[in-house]
Amino acid sequence: MLKATLRSFLAHKGRLALSGLAVVLSVAFVAGSLIFSDTVTRTFDRLFASTSADVTVEPKQDLQSARTAGTVQTVPAALRDRVAKVAGVAAAHADVSVQNVVVVDRRNRSVGPTTGAPTIATSWYVTRRSPVRLTSGHAPHGAGEALLDADTADRKRVRTGDMLTVQAQPGTFRVRVVGIATFTTTNPGAALVFLDPAVAARELLGSADRATGISVDAARGVSDAELKRRVGDAIGTGTYDLKTAGEQAKSAAAELGGFLDVIKFVMLGFAGIAVLVGVFLIVNTFSMLIAQRTRELGLLRALGADRRQVRRSVLTEAVLLGVAGSTLGLAAGIGLAFGLIRLMSAFGMNLKATEMAIGLPTPVAAYAVGVGVTFVAAYLPSRRAAAVSPMAALASDGVAEVAGVSRPLKVRAIVGSVVGAAGAAALTGCATATKTASAASLLGLGVVLTLIATVIAGPLLVRPVIRVLGGAFPALFGPVGRMSQRNALRNPRRTGATAAALMVGLALVGGMSVASASMSASFDQRIDKTLGADFVVQNGSFLPFTREITDRVRGTEGVRLVVRQRFAPVTVRFPDGRRVKTTAAGYDPQVDDVAHVTYAAGGSAAALADGGLGMDAAFARDHGVRLGSTLPVEFPGGQRARMRVGALTDQGGGDGFGMQGGLFFGIGTVEKYVPGGQDAALYVKRSPGTGADLLRSRLERTLRPYPQVQVRDQADYKKLVHDQIAVLLYLVYALLGLAIVIAVLGVVNTLALSVVERTREIGLLRAVGLSRRQLRRMIRLESVVIAVFGAVLGLGLGLVWGVCTQQVLALQGMTALAFPWGTIVAVVIGSAVVGVVAALLPALRASRMNVLAAIAHE
């Protein structure tokens, strides 16, 4: 049996190659994601371990305020002297390092990275752990001098002697590049500007008496943990965060983990799609191969092979396919990881391919996925093969009746109906739910169940749907069109499984397209409804900006009103006992002039008054808050206040001005409890008689020295939202592309095996006058109708998913429902093109058959 199995596998290696490609793709994405993430993790672990001080003293990070409020938490610079006197301290340095800066060159272009990595301005001093070394020029001395990292200098074409403008929280200052520093470790992609330590504290923090942290080196023989204990005893642990080098590295790695998780989950999503779609392809391939080997299997049974041996033979072929596909997929995964590493280098993160990490879990996962997928996919066909009666198989001149494909579809109908009913109930519950969490859970359950139900019941839909889709074929193409339609109807199970591969991808696209179109329409409605300002001035990355920008905007001719928006991280304890960390927004008293806010109770005057607070009405109701309730609020640095709820907003289920809960108060409150903060946005109204275009040109001219800031009107805001949503769609379209590639392989495989199965039939058709051109057309039409059938099922299912997703979004205030009809039509037309492309090779092969040899084929 083993010898027969190996010969059978080698005899069909060409037919199995397409199925193997699906395994290769799925394994490649799994292996590539694991190798890439392991490589990045190991690289940065080394970076953090080699550059972290033995002990670091930092401000208490109770609430992260730097990115949202624009503030920098500091420690007294004099703390360095206290730490230096602790027994066991070899050296202590006062660090100054801030990320809320913008650096522009003499051509008024930002020298910072465009990939989301920060621009860091920091103090220059050299230790054995410095991540850079001076490679040209000299160290900065006094005001007006700076170093720039070599990667940024090369990328932005900055040379020694060039002038740079640094926009920091205390103000803007100019420096001359007096040297270039080169990374001795991995460059994480940031842009680094180094200043003289005394200058850095004064220009970046506003005072030479402040520092962002203290770096401590341990004396010989003193462990990091012991040094941390001694320093903590000397300065206290209630006010400061103390971390050893290991703890600092772990903390930095945890922050990096979010970035890695995004890449890993995206690639695993591709792997999941490849696995899911590949299962249909492999099931179909093995079903057809077993059907074509009916007599062979019957002869083996007649010679003494029992059912277990036949089943084991088929599963052995599947395992061989899985092993071969996994091996190639692992190699492709290494290549994919190499490509990602090179891509990261292009974006400024200089990883080294020579340090690629391939741990034991990677090949284990690769072979588990590859072999597991093929084994599971081939299990049902193997059971059918074992169930073939030897006498029936030997006496058969066809395959359908003994391959199990002509059995009644009653079981499928029953199971599909039950699962479909459960899925429909879940989606109905999702549409009627009033809580976002429960609605989202029901949506996920409904999507899974309806997908399974459609796959199970797909063969039941083949005859009614394809009769409609191919109804015009006889009139348009005559007998060739009629035969192509009947060929697609001949084997509903096979047609359903082939179309299912395409259906999965198109269902995903249909659902996400409706959801994204609805989100865009909802945001358009909200912007039209709430934004009353003529222009909004914001940082392109939505980070706070310097006060100089606010002053310049206010001084621009034609500006009548400027309302500032500033953020503050807060923690609020509610009457229901829950403690919520969120971000609140602060506004000037004239906020009603630039925003149309719907209040369920109270008004802006009470919310923006000293000690006042506003929040979303639904959020307040969920936490037992009423108008007039007094809530304890905690701000960064441990400052606390009791604030009275003066307004409840009703923005259609949204979160109002802020983030979670829509919390907002007066900008005076922010300045009181988060001093030194920066504005996040400016809402501008023009003076009477000043045209919008004129004011826009004046604002842009005023803000020319600040390339990071943009002037947006309503149309710009809508485009910005659409572009952000489009990023998600691009990912979905990429997943669709992968699904289509595998689906095309499935159609090619099905048609190729079908041509072999119908060799005698094709020979007879050719003998009675069917031309080669007509034969190719027949196969192409069969392929098109199968592809369009999959598209119809997928889009129908996807539209249902999209409508239910919109119902979940409606609970968050996105009430508009929109259908992207252009995308839907394009998908259907594209599916027909896919069918034509998939049929090219099988049709060509069929047309080249020798007629007499085909008639004599058994």
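Every value quoted in this text rests on a predicted model; they were computed, and no experiment measured them.

**So, the overall build of the protein chain**
Here is step 1: Secondary structure summary: the protein chain contains 28 helices and 24 strands in total.
Here is step 2: In terms of overall dimensions, the protein chain has a C-alpha envelope of 95 × 65 × 55 Å along the principal axes.
Here is step 3: Per-residue burial for the protein chain yields a buried fraction of 52% across its 858 residues.
Here is step 4: Partitioning the contacts of the protein chain with sequence separation of at least 6, the portion at a separation of at least 24 is 82%.
Here is step 5: Carbon and sulfur atoms form 59% of the exposed surface of the protein chain, whose accessible area is close to 36700 Å².

**Some thoughts on the environment of aspartate 622**
Here is step 1: One can find aspartate 622 in helix 21 (residues 617-622).
Here is step 2: In this structure the C-alpha to C-alpha distance between aspartate 622 and phenylalanine 574, which are 48 residues apart in sequence, comes to 10.0 Å.
Here is step 3: Ignoring anything within four residues of it in the chain, the contact list for aspartate 622 reads Lys435, Asp576 and Arg578.

**Things to note about the environment of proline 76**
Here is step 1: Structurally, proline 76 is set in strand 2 (residues 75-76).
Here is step 2: Each C-alpha atom of the pair proline 76 and leucine 720 lies 41 Å from the other, and the pair is 644 residues apart in sequence.

**Thoughts on helix 25 (residues 759-767)**
Here is step 1: Listing the buried residues of helix 25 in full gives Thr759, Ile762, Gly763, Leu765 and Arg766. Projection of helix 25 onto a plane perpendicular to its axis shows the buried side chains occupying an angular sector of 160°, all on one side.
Here is step 2: In this fold, the buried residues of helix 25 make contact with helix 17 (479-490), helix 24 (714-757), helix 26 (772-810), helix 27 (821-847) and helix 28 (851-855).
Here is step 3: Just downstream of helix 25 lies glycine 769, where phi reads positive at about 120°.

**Some details on the sheet that holds strand 14 (residues 240-244)**
Here is step 1: An order of 3-13-1-14 is seen for the 4 strands of this open sheet, with the pairing classed as antiparallel. Each having just a single partner strand, strand 3 (89-95) and strand 14 make up the two edges of the open sheet. Between one strand and the next, the sheet's axes are offset by a mean angle of 20°, whatever the strand orientation.
Here is step 2: Pairing analysis gives 3 bridges linking strand 1 (residues 55-59) to strand 13 (residues 213-218), with the strands arranged antiparallel. Each residue of the ladder has a partner; that of valine 57, found in strand 13, is isoleucine 214.
Here is step 3: Relative to strand 14, helix 7 (residues 224-235) is tilted by about 165°, and along the sheet it contacts strand 1, strand 3, strand 13 and strand 14.

**Some points on the pairing of strand 20 (residues 630-634)**
Here is step 1: Two strands pair when backbone bridges link them, and strand 16 (residues 559-573) and strand 20 are joined in this way by 2 bridges, in the antiparallel orientation. Paired with threonine 571 across the two strands is glutamate 634, which belongs to strand 20.
Here is step 2: Direction of pairing for strand 20 relative to strand 21 (residues 640-649): antiparallel, over a ladder of 5 bridges. Bridging from a neighbouring strand, threonine 630 pairs with arginine 644 of strand 21.
Here is step 3: Between the antiparallel neighbours strand 20 and strand 21 lie 5 residues, among them glycine 637 with a positive phi of about 85°.

**So, the pattern of salt bridges**
Here is step 1: Within the structure shown, the criterion is met by 27 salt bridges.
Here is step 2: For aspartate 217, the salt bridge goes to arginine 129, with nearest N and O atoms at 3.2 Å. With aspartate 217 in strand 13 and arginine 129 in the loop between strand 6 (119-123) and strand 7 (132-137), this pair connects stretches of sequence that are 88 residues apart.
Here is step 3: By relative accessible area, which is 11% here, arginine 129 ends up buried.

**What about the packing of aromatic side chains?**
The description of an aromatic ring pair rests on the distance of the ring centres and on the angle between the ring planes.
Here is step 1: Enumeration according to the criterion identifies 6 aromatic pairs in this entry.
Here is step 2: Ring plane angle 80° and centroid distance 5.8 Å describe the contact between phenylalanine 473 and phenylalanine 477, whose orientation is recorded as edge-to-face. Of this pair, phenylalanine 473 and phenylalanine 477 both sit in helix 16 (residues 473-477), 4 residues apart, which is roughly one turn of that helix.
Here is step 3: Take phenylalanine 477: its relative accessible area is 31%, and that puts it in the partly exposed class.
Here is step 4: Arranged with centres 5.5 Å apart and planes meeting at 80°, the rings of phenylalanine 574 and phenylalanine 619 form a pair that is edge-to-face. With phenylalanine 574 in the loop between strand 16 and strand 17 (579-587) and phenylalanine 619 in helix 21, this pair connects stretches of sequence that are 45 residues apart. When sorted by exposure, phenylalanine 574 lands in the same class as phenylalanine 619, which is buried.
Here is step 5: An aromatic cluster is defined as three or more aromatic residues linked by ring pairs; in this entry it consists of Phe635, Phe665 and Tyr673.

**Some thoughts on the nonpolar core**
Here is step 1: Core analysis: the largest hydrophobic core is formed by 87 residues, its most contacted members being Phe36, Val277, Leu351, Ile466, Ile742, Leu775 and Ile779.
Here is step 2: With 15 residues, helix 26 is the largest single contributor of residues to this core.
Here is step 3: In this structure, leucine 351 is in contact with Phe36, Val40, Thr43, Phe44, Thr186, Ile341, Met344 and Ser345, ignoring residues within four places of it in sequence.

**Overview of the packing of helix 15 (residues 436-469) against helix 17**
Here is step 1: The interhelical angle for the contact between helix 15 and helix 17, taken along N-to-C directions, is 165°, at an axis separation of 9 Å. Classified by the angle their axes make, helix 15 and helix 17 are roughly antiparallel. As helix 15 runs across helix 17, the sense of the crossing is right-handed. Note on element contacts: helix 17 touches helix 15 through Gln485, Ala488, Leu489 and Arg490, opposite Val462, Arg463, Ile466 and Arg467.
Here is step 2: A class-by-class count of the residues in the contact of helix 15 with helix 17 yields 4 nonpolar, 1 polar and 3 charged.

**Quick word on the packing of helix 17 against helix 26**
Here is step 1: Interaxial distance between helix 17 and helix 26 falls to 8 Å at its minimum, and their mutual angle equals 45°. Between helix 17 and helix 26, the angle is such that the two are oblique. The handedness of the crossing between helix 17 and helix 26 is right-handed. Where helix 17 approaches helix 26, its residues Val480, Gly481, Met483, Ser484, Asn487 and Ala488 are matched on the opposing element by Gln774, Arg777, Met778, Leu781, Glu782, Val785 and Ile786.
Here is step 2: Split into classes, the residues belonging to the contact of helix 17 with helix 26 amount to 7 nonpolar, 4 polar and 2 charged.

**What about the side chain of aspartate 241?**
Here is step 1: Positionally, aspartate 241 belongs in strand 14.
Here is step 2: A residue is classified by how much of its surface remains accessible, and aspartate 241, at 18% relative accessible area, is buried.
Here is step 3: Apart from residues no more than four positions distant in its own chain, aspartate 241 is found in contact with Thr56, Val57, Glu58, Pro59, Lys60 and Gln61.

**What about the confidence of the model for the protein chain?**
One rule of thumb: low pLDDT means the predicted coordinates there are not for detailed reading.
Here is step 1: Scored by pLDDT, the protein chain comes out at a mean of 84, with 91% of its residues at no less than 70.
Here is step 2: Within the model, pLDDT remains below 50 along residues 653-658, and this stretch shows 24 contacts once partners closer than five positions in the same chain are excluded.

**A short note on unusual backbone geometry**
Here is step 1: With a phi close to 65°, asparagine 108 is a non-glycine residue in the positive phi region.
Here is step 2: Here asparagine 108 shows up in the loop between strand 5 (102-104) and strand 6.

**Looking at the side chain of threonine 119**
Here is step 1: By secondary structure assignment, the location of threonine 119 is in strand 6.
Here is step 2: On the basis of relative accessibility, which here comes to 11%, the residue threonine 119 falls in the buried class.
Here is step 3: Contacts of threonine 119, omitting those with residues within four sequence positions, involve Val98, Gln99, Val101, Val103, Gly112, Pro113 and Ala191.

**Details of the pairing of strand 14**
For a regular strand, the rule is simple: side chains alternate between the two faces of the sheet.
Here is step 1: Of all 5 residues making up strand 14, 4 are buried, and the element is well covered by its neighbours.
Here is step 2: Of the strand pairs in this sheet, strand 1 and strand 14 are connected by 5 bridges, and their pairing is antiparallel. In the strand pairing of strand 14, proline 59 is matched with tyrosine 240.

**As for a nonpolar patch on the surface**
Here is step 1: A contiguous nonpolar surface patch, about 500 Å² in accessible area, is contributed by Val825, Ile829, Val833, Val836, Val837 and Leu840.
Here is step 2: Its place among the elements puts isoleucine 829 in helix 27.
Here is step 3: By relative accessible area, which is 52% here, isoleucine 829 ends up exposed.

**Focus: the state of the cysteines**
Here is step 1: Overall, the coordinates contain 0 disulfides when judged by the stated rule.
Here is step 2: The closest cysteine sulfur to the non-disulfide-bonded cysteine 430 is located on cysteine 804, 5.1 Å from its own sulfur.
Here is step 3: Accessibility expressed as a relative area gives 1% for cysteine 430, which makes it buried.

Rules used in this analysis
Residues numbered from 1 in each chain as written. Predicted model: local features only at pLDDT ≥ 70, side-chain atom pairs only at ≥ 80, totals over all residues. Heavy atoms only, no water. Helix = DSSP H or I, 4+ residues; strand = E, 2+ residues; numbered from the N terminus. Buried < 20%, exposed > 50% of the residue type's maximum accessible area, 1.4 Å probe, protein only. Contact = heavy atoms within 4.5 Å. Areas by Shrake-Rupley, 256 points an atom, 1.4 Å probe, with all protein chains shown as cover. Arc of directions from axis to C-beta. Pairing = 2+ DSSP bridges. Axes fitted to C-alpha atoms, helices over the stretch in contact; angles between N-to-C directions. Salt bridge = Lys/Arg side-chain N within 4 Å of Asp/Glu carboxyl O. Phe/Tyr/Trp six-rings, centres within 6.5 Å; stacked < 30°, edge-to-face > 60°. Core = buried A, V, L, I, M, F, W, Y, C linked by side-chain atoms within 4.5 Å. Parallel < 35°, antiparallel > 145°, perpendicular 65-115°, else oblique. Left-handed = near helix turned anticlockwise from the far one by under 90°. Nonpolar A, V, L, I, M, F, W, Y, C, P; charged D, E, K, R; others polar. pLDDT = per-residue confidence, 0-100. Patch = residues over 30% accessible without salt bridge, like charges linked within 9 Å, V, L, I, M, F, W, Y side chains within 5 Å. Disulfide = S-S within 2.5 Å.

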